[in-house]
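# Structural characterization, general
Residue strings, one per chain:
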Amino acid sequence: MFRARPEVRPATVEVLVEGTPVLVPEGATAAAAVLLAGLPAIRETPVTGSPRLPLCQMGVCFDCLAEIDGIPNRQACMVTVVPGMRIARQHGAREALR
Amino acid sequence: MAPSHAGMQTRGSDVIVVGGGLVGAAIAHGLRGEGLDTVLLDEGDIAFRASRGNFGLVWVQSKGFGAPWYQRWTRGSAGEWPGLAADLAARTGIDTALQQPGGVHLCLSEQEFEDRGRRMAQMQVEAGNFGLEYRMIRRDELAEMLPGLGPSVVGASWSPYDGHASPLALLQALHRAFTEAGGAYVPNAKVTGGTAAPKDFRVETAAGTFAAPRIVLAAGLGNADLAPVFGLNTPVRPQRGQVLVTERARTVLPMPCTTIRQTGEGTIMLGDSMEEVGFDTRQSPPVMAQIAQRAALSFPWIAELNIVRAWSALRVMAPDGLPIYDQSERFPGAFTANCHSGVTLAGAHARLLAPMIARGALDPALDPFSAKRFDVPRAA
Amino acid sequence: MSDFDLAVIGAGPAGMAAAVEARLQGLIVLVVDENAAPGGQVFRAAEACAPDPAVGPDIMPGLPLIAAFRGCGADYRAATTLWHLDPEEGVLSLAAAGTTETVTARRVLLATGAQERPVPIPGWTLPGVMGAGAAQILLKTAGAVPVGPTVLAGQGPLVWLLAVQLARAGVAPLVLETRTVSIAAALAKAGGGLVAGRGLLAKGLSLMAEARRRGVRVIRGVRGLRAEGANRVERVAWEGGSAPCDTLLLHEGVIPSTHVSRAIGLDHAWDADQACWRPVADDFGATSSARVAVAGDGAGIGGWQAAAAAGRLAALDAARRLGALSEDSFAREIAAPLAARRAALALRPFLDALYAPPNAVLTPPDETIACRCEEVTAGAIRRAAALGATGPNQLKAYLRCGMGPCQGRVCAPTVAALIAEVRGLAPQEVPPLRPRAPYKPVTVGMLAASAESLQQSAP
Ligand SMILES: Cc1cc2nc3c(=O)[nH]c(=O)nc-3n(C[C@H](O)[C@@H](O)[C@H](O)COP(=O)(O)OP(=O)(O)OC[C@H]3O[C@@H](n4cnc5c(N)ncnc54)[C@H](O)[C@@H]3O)c2cc1C
Ligand SMILES: Cc1cc2nc3c(=O)[nH]c(=O)nc-3n(C[C@H](O)[C@H](O)[C@H](O)COP(=O)(O)OP(=O)(O)OC[C@H]3O[C@@H](n4cnc5c(N)ncnc54)[C@H](O)[C@@H]3O)c2cc1C
Ligand code: FES
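Here goes a summary of the coordinates provided. All of these numbers come straight from a predicted model, not from anything done at the bench.

### A closer look at the overall build of chain A
Counting its secondary structure elements, chain A contains 1 helix and 9 strands. Tracing chain A from N to C terminus, the helices and strands come up as β-β-β-α-β-β-β-β-β-β. Radius of gyration (C-alpha) of chain A: 13 Å, near the 13 Å computed for a compact globule of 98 residues. Counting only C-alpha atoms, chain A reaches 40 × 25 × 20 Å along its principal axes. For chain A, the residues scored as buried account for 58% of the 98 residues in total. Excluding contacts between residues fewer than 6 apart, the proportion of contacts in chain A whose partners are at least 24 apart in sequence is 40%. Counting every atom, chain A has about 3600 Å² of accessible surface; 57% of that belongs to carbon and sulfur.

Here is the structure:
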């Protein structure tokens, strides 16, 4: 789990992580928001369903795939938060036809 | 395991198969099953290898327009496939993900639909007593069969024979089954030269010299250069095909289409172009864009999916697009095998063709596939 | 007519310095970077985090370069990825905000930087295990720090830097150092640069001193590292010890990001000192492609100062090749950046020798997952290599390693090293994985839309 340090980086942007409002600093990524929210996993792999959290935070590993604003399988570490952003866990493979 | 280069003695066996792609591996697996001591020679990690870049259809409906013997051979192979898949699963534990639920060819305009209908009707006539079961299906009925069909689709041809499999699982399973049954798979062994005498063949490779009374050339595009050494003719050329693959999605497509199929893993494959560009395996974004466009017109929901992989690979094409199977007249015991549907025909190659090669003679049914068909003198 | 004289991929020190220099020489310059702000890895989010006392001191040196870059007049496109490059035609396919676009450039500079070397240890897929660089990125972009017992395991300069940065933020980690090479051995192998590199060396030593002062505990000589826990990491264990752990940060140095340079088929050479592939390039970054140059850590690890110097050199070379700079002026202009790069690289041989990755990191034990996307173990890879996969391209066909979303960025070094081990080959005898476009995912719809615009623009 991670915590912000409001004394140096005020948490001013409200996003919804799995429906719960979370305040995060400006410039944080969606992946950071998931860690700050304390989720146990950001996704479960489509191969065996094992839980994962972001590994690299720099767009290399793709272990941060999440559903952002309704779009599945986005690299959460490459998406900067904006107010009201909805971030949800990715459970296995995405639904294609919804 | 790589053979030791020390000493470099000649390695003898009953038969040498040149080329470890799907064609060579299927034949080698079949020959080993016939009890022959078989050596399978292949290039290394980097090679023109259609078997690593194909679309994975076990496809029947459109094969053999104007050549009903090819339709029969293809359908025979589709029929052999379940046995091959079961055999490979039992020997290796590898699931080749074979599914044969029938398949459709989507038509995106009335013109395409009419052309397709005429073609299928003509093939049915050509099939004669052998028959060809198919239906031209209009959009409304098709929409019941395929979820999320796009408004641009006017209809499709359907046949019950079609299916798909994992070509990579097939390749690995063939290699593994062959090796575990005692066959010798030798990578990094590009054949660079050879000598031929009736029932006495020798080939040179970086991994040593190999000799056998029988040899099968199944080196894909490499056959064009190898064949003349053994008194054979395989005028094959490369034809580029590009394929896009999406991320995994929960299963939605119940059957394969000619250019769109959902794999066992859930990824959706979109294919495949036909480009005459020689030995050029670069990718071209405009062609990729066309493939994507056709897919999105066929199934609009596919547009939302990420493309996680894409590639281009070279098909192994004969001038008339049909397979070439031959035994050398000058050097009996030398065979050649080439095709541009190595997944579809894997069943036939492993279970029909290999036994013929083991017996030393190709069935007369394969006569039309001889390269002699290209010898017809051209009108000036 | 090309849209740009020079297209630069990456707005780290190398790309920024190249853009500034190329603009000085009058070139029309494009810079794309998939991040939201310039700075690259070292100066990531620098403008936002400079006031943070935990990272500010280390970030400050980058601010002048970022300011110069922002003001240089290059067409800078943030949050934009390069997903295909045709080096022959000079056509770049870019993706941003859900659309794709193509631009043309007379010369292309890949300044794509480095990534952390994968550290496959048993249990490293458990939530709570991440790269040390990843934790640093969280600190730089969000000011965030781990909660609960934090263990930093591995070796290299970044371990010490991050230990200090976390300690400054009030969460001193336990450091498990995995270094196997003694200082004496590293000096014997590559001691020559210590004098010229004394500035950097002094900085490193002062970091270590600061770490100790701030209460960072260090255990040295750690072997057989493993992450343990049910659904997340709860403990880290090693030969002869274990410690409770909520966050395990792994680091065994960085390696060049060669995804694009390999995909476009540039010649690469094995760098035995850094145990990685790097594109073959001359002093100015020119490669085996007539159009494409490389600069910065993507061309071989040298650190940010060397990267910035290399970026300038590549820009000067571009200006010369495009006729904007005479040979005489070129010869004059390169002197300073050549000297700067030499100075910045002086300590490198010593660092490379000292922090050489141990074998267990390159070729992990059988039960370890090597390919995180497709969940393939090192043992399965060893078996496939024995069956006949002589390289990662054939192995990918057998086992799907490299076919998941990361396209082999994480597993490729491990796969190649395992093949070399099983087949008794030297690392350079196993060819590198050849990635294909799209280098980063684009949607089918984005591509389909680009087909429509292509058709509309056709005469
Ligand atoms: C995680 C991490 C943390 C590091 N932290 C430090 C540190 O604190 N201090 C230090 O001295 N060194 C650090 N380094 C070392 C680093 O490599 C520096 O030496 C320096 O950043 C190298 O500069 P560069 O310009 O070569 O590349 P980088 O700074 O890495 O810049 C490369 C840029 O290219 C972009 N890029 C890559 N591919 C594409 C693409 N296809 N499309 C668009 N953009 C692309 C990336 O987004 C990135 O911004 C770190 C390295 C890593 C991997
Ligand atoms: C884009 C695309 C899509 C396709 N889709 C389908 C499909 O859906 N269904 C289907 O059935 N088929 C499909 N195919 C065709 C199928 O992939 C080929 O028919 C099949 O792979 C050919 O197998 P091969 O073994 O003859 O050739 P390759 O796979 O090319 O193998 C030839 C082998 O010979 C080796 N070799 C070459 N020269 C030498 C030498 N001198 N010495 C030793 N070894 C040598 C090569 O290294 C290689 O391993 C597709 C092909 C492409 C390109
Ligand atoms: S955390 Fe690795 S790609 Fe996002």
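### Some words on the interface of chain C and chain A
Counting residues at the interface gives 46 residues for chain C, matched by 36 residues for chain A. Carbon and sulfur atoms supply 59% of the area that chain C and chain A bury against each other, a total of about 3300 Å² over both sides. Between the two partners, chain C and chain A, sit 3 salt bridges. Connecting chain C to chain A are 12 residue pairs in polar contact (both at pLDDT 80 or more). Among the secondary structure elements, those contributing two or more residues to the side of chain C that touches chain A are helix H2 (46-49), strand S7 (114-116), strand S8 (129-131), helix H5 (132-142) and strand S9 (145-146) of chain C. Looking at the side of chain C that touches chain A element by element, the count peaks at 7 residues for H5(C). Here the side of chain C that touches chain A is composed, by residue class, of 26 nonpolar, 10 polar and 10 charged. Pairing between strand S1 (residues 2-3) of chain A and S9(C): 2 bridges, direction antiparallel. By the bridge assignment for S9(C), Arg3(A) is matched with Val145(C).

### Some details on the site of ligand 2
All names here are of chain B. By nearness alone, 39 residues border ligand 2, and Asp 42, Glu 43, Arg 49, Ser 51 and Gly 342 come closest of all. For ligand 2, an oxygen atom lies 2.7 Å from a polar atom in the side chain of Asp 42. Within the backbone of Val 343, a nitrogen or oxygen atom sits 3.0 Å from an oxygen atom of ligand 2. Coverage of ligand 2 by the protein chains reaches 96% of its 1000 Å² of free accessible surface. Mapped onto the shell around ligand 2, the elements with two or more residues apiece are helix H1 (22-33), strand S14 (237-248) and strand S17 (306-317). Across the shell around ligand 2, the residue classes tally to 18 nonpolar, 15 polar and 6 charged. Per-domain counts for the shell around ligand 2 show at least three residues from each of domain 1 (10-53 + 168-236 + 320-373) and domain 3 (237-317).

### So, the interface of chain A and chain B
Listed as interface residues are 11 residues of chain A and, on the opposing side, 11 residues of chain B. Summing both partners gives a buried area of about 1000 Å² for chain A against chain B, and 52% of it is carried by carbon and sulfur. Considering only the surface of chain A that becomes buried against chain B, Arg94(A), Ala96(A) and Leu97(A) emerge as the three largest contributors, covering 56% of it. At the junction of chain A with chain B, the criterion picks out 3 salt bridges. In this structure, the salt-bridge partner of Glu95(A) is Arg250(B), at a minimum N-O distance of 3.0 Å. Our enumeration of links across chain A and chain B arrives at 8 residue pairs in polar contact (both at pLDDT 80 or more). By residue class, the composition of the side of chain A that touches chain B is 6 nonpolar, 2 polar and 3 charged.

### Focus on the site of ligand 1
Near ligand 1 there are 33 residues, and of these Ala14(C), Asp33(C), Gln41(C), Gln136(C) and Asp297(C) occur at the shortest range. Neighbouring residues of ligand 1 are not confined to a single chain but are spread across chains A and C. At a separation of 3.2 Å, an oxygen atom of ligand 1 approaches a polar backbone atom of Val42(C). Among the secondary structure elements, those contributing two or more residues to the shell around ligand 1 are helix H1 (13-24), strand S4 (81-86), S7, H5, helix H6 (157-168) and helix H10 (304-321) of chain C. Split by residue class, the shell around ligand 1 holds 14 nonpolar, 14 polar and 5 charged. Counting contributing residues, the shell around ligand 1 receives three or more from each of domain 1 (4-115 + 255-325) and domain 2 (118-252) of chain C.

### Brief notes about the pairing of strand S18 (residues 268-271) of chain C
All names here are of chain C. Pairing of S18 with strand S19 (residues 276-279), which is carried by 4 bridges, proceeds in the antiparallel orientation. Paired with Asp 271 across the strands is Cys 276, a residue of S19. Connecting S18 to the antiparallel partner S19 that follows it, the hairpin turn spans 4 residues, and Ala 275 within it adopts a positive phi of roughly 50°.

### Points about the pattern of salt bridges
Pairing between side chains becomes possible if they bear opposite charge and their charged atoms approach one another. Residue and element names in this part refer to chain C. Per the stated rule, a full pass over the model turns up 52 salt bridges over all chains. Linking Glu 177 and Arg 220 is a salt bridge whose minimum nitrogen-to-oxygen distance equals 3.1 Å. One end of the pair, Glu 177, is in strand S11 (residues 174-177); the other, Arg 220, is in the loop between strand S12 (217-219) and strand S13 (226-228), and 43 residues separate them in sequence. For Arg 220, a relative accessible area of 45% translates into the label partly exposed. Put simply, Asp 273 and Lys 189 hold a salt bridge, and the shortest N to O gap is 3.8 Å. Of this pair, Asp 273 sits in the loop between S18 and S19 while Lys 189 is found in helix H7 (residues 183-190), placing the two residues 84 residues apart along the sequence. Given a relative accessible area of 47%, Asp 273 falls into the partly exposed group.

Rules behind the numbers
Chains are numbered independently. Their residues run from 1 in the order of the written sequence. Whichever chain is written first is A, and whichever ligand is written first is 1; the rest continue in order. The model is predicted, so local features are restricted to residues of pLDDT at least 70 and side-chain atom pairs to those at 80 or more, both for listing and for counting; the totals for chains, interfaces and linings are taken over all residues. Hydrogens and water molecules were not included; the side-chain quantities draw on all heavy atoms of the structure. The helix count covers DSSP runs of H or I at least four residues long, the strand count covers runs of E at least two residues long, and both are numbered beginning at the N terminus. For the radius of gyration, the atoms used are the C-alpha atoms, and the globule rule reads 2.2 Å times the number of residues raised to 0.38. Each residue's exposure class comes from its accessible area (1.4 Å probe, protein chains only) as a fraction of the maximum for that residue type: buried when under 20%, exposed when over 50%, partly exposed otherwise. Any two residues whose heavy atoms approach within 4.5 Å are treated as being in contact. Method for areas: the Shrake-Rupley scheme with a 1.4 Å probe, in which residue coverage is limited to the protein chains shown. The term buried area refers to how much accessible surface (probe radius 1.4 Å) is lost by two components on association, counted for both of them together. Salt-bridge detection follows one rule: a side-chain nitrogen of Lys or Arg within 4 Å of a carboxyl oxygen of Asp or Glu. Throughout this description, a polar contact denotes any pair of N or O atoms lying within 3.5 Å of each other; where both atoms belong to protein, one of them has to be capable of donating a hydrogen while the other can accept it, and for residues adjacent in sequence the pair is counted only when both atoms sit in side chains. Only Asp, Glu, Lys and Arg are considered charged in this grouping, and only Ala, Val, Leu, Ile, Met, Phe, Trp, Tyr, Cys and Pro are considered nonpolar; every other residue, Gly among them, is considered polar. Strands are labelled as partners when DSSP assigns at least two bridges between them. Whether a residue is near a molecule or strand depends on its heavy atoms: it is near if one of them lies within 4 Å of it. Segmentation of the chain into domains, including their bounds, is taken from an automatic or database domain assignment.

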